[in-house]
Amino acid sequence: MGSGQLVAVFGAYGHTGRFVVAELAARGFVPVLSGRNAQTLEELADEHGLEARPASVDDPASLDRALAGTAAVINCAGPFASTVGPVIEAALRARIPYLDVAAELEANLDTFAHYRERAREAGAVIVPAMAFFGGLGDLLATAAMGDWTEADEAHIAYALSNWHPTAGTRLSGAVSRERRGAHRLRYSGGKWERRTDAAPLLEWTFPEPMGPRPVIGEFTMADVVTVPQHLSIPDVTTYMTAEAARDVTAPHTPAPTATDGSGRSNQTFLVDVVVRSGGAERRATAGGQDIYAVTAPLVTEALERVLTGRTRTVGVVSAGEIFDAPDFLHALAPHITLDLASV
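Residues numbered from 1 in each chain as written. Predicted model: local features only at pLDDT ≥ 70, side-chain atom pairs only at ≥ 80, totals over all residues. Heavy atoms only, no water.

Novice: What exactly am I supposed to notice about the environment of aspartate 339 here?
Specialist: Relative to the helices and strands, aspartate 339 resides in strand E16 (residues 336-339). Classification of aspartate 339 by relative accessible area gives partly exposed; the value is 41%. Between the C-alpha atom of aspartate 339 and that of alanine 284, which follows or precedes it by 55 residues, the distance is 5.8 Å. Dropping the residues within four chain positions of it, aspartate 339 is found in contact with Arg283, Ala284 and Thr285. (Helix = DSSP H or I, 4+ residues; strand = E, 2+ residues; numbered from the N terminus. Buried < 20%, exposed > 50% of the residue type's maximum accessible area, 1.4 Å probe, protein only. Contact = heavy atoms within 4.5 Å.)

Quick look at the structure:
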């Protein structure tokens, strides 16, 4: 457990940030609340009896003050295209691990491209996309790979009962669309493709009792960034149930509403991963409640393993690269249901 270690949470007052703060405290860490809005930070700090350290990505000295004396930093502040670089730089100056919950494709691609060599040379740990999108699918794909050293293709299908986006999700999506323009991204043949055609409408057969569901194919999410960074798989594709895809893109879909004491919404999810090599196929599946809430135990479990040395490498790393994927997934048992039976 955390044993009272200070952990900076940048973007602590955001929807996901609040879940992360609560999970850190539950595991014995002491969250240090940081972000741009000083008043909101102070209110949250007063509510939980914690320290607030306002900081802005435009002010490196304020970030240095926010991270001073902490064991690590978790970045929960989107749009990540604006926050990742400055907070990583501050973490490197402070010589502490950096983790984030970014779902933005471009932000995650930038992190791997810009910091891989610097982080490796410094012996630093930087774990991007340690969240529902990016981290969970990557861990499942890694577990499914098992003893295979390469595979032909990986498919990661998300079934969400609904997707009521937070304001942060909408803002991050808008930033990504602005950077991408009229294109969408697909990873095929070991490289990224920029496409202008519409993503295909397909059918995915989820495990029973869910069964076949219409999905948007090539609904490219952060897992398509993280998986090829360490697994030899030239074709990685993600899919989203069509109803959830319509929810998140519709302009008037409401934000998530808490339905239990922990603040979780009634949204449920299933992540179904299939990895194929030759004529063989392996599958790994995880289910749970609320994609924003489940990000908190994902990133906190990762943090605890980094701080206790239960890691395999340094640098900018995907979840399945730095952690023992099956062991990590089983550690999430209170928060997810897991099926690795075919692995």
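Novice: What is the right way to read the pattern of salt bridges from this model?
Specialist: Pairs may arise between side chains of opposite charge once their charged atoms sit close together. In the structure shown here, the tally under the stated rule is 24 salt bridges. A salt bridge links aspartate 110 to arginine 179; the nearest nitrogen and oxygen atoms lie 2.9 Å apart. Here arginine 179 lies in helix H7 (residues 167-180) and aspartate 110 lies in helix H5 (residues 105-122), a separation of 69 residues in the sequence. Among the residues examined, aspartate 110 registers a relative accessible area of 25% and is labelled partly exposed. Close ionic contact of aspartate 327 with arginine 305 constitutes a salt bridge, the shortest N to O distance being 2.9 Å. (Salt bridge = Lys/Arg side-chain N within 4 Å of Asp/Glu carboxyl O.)

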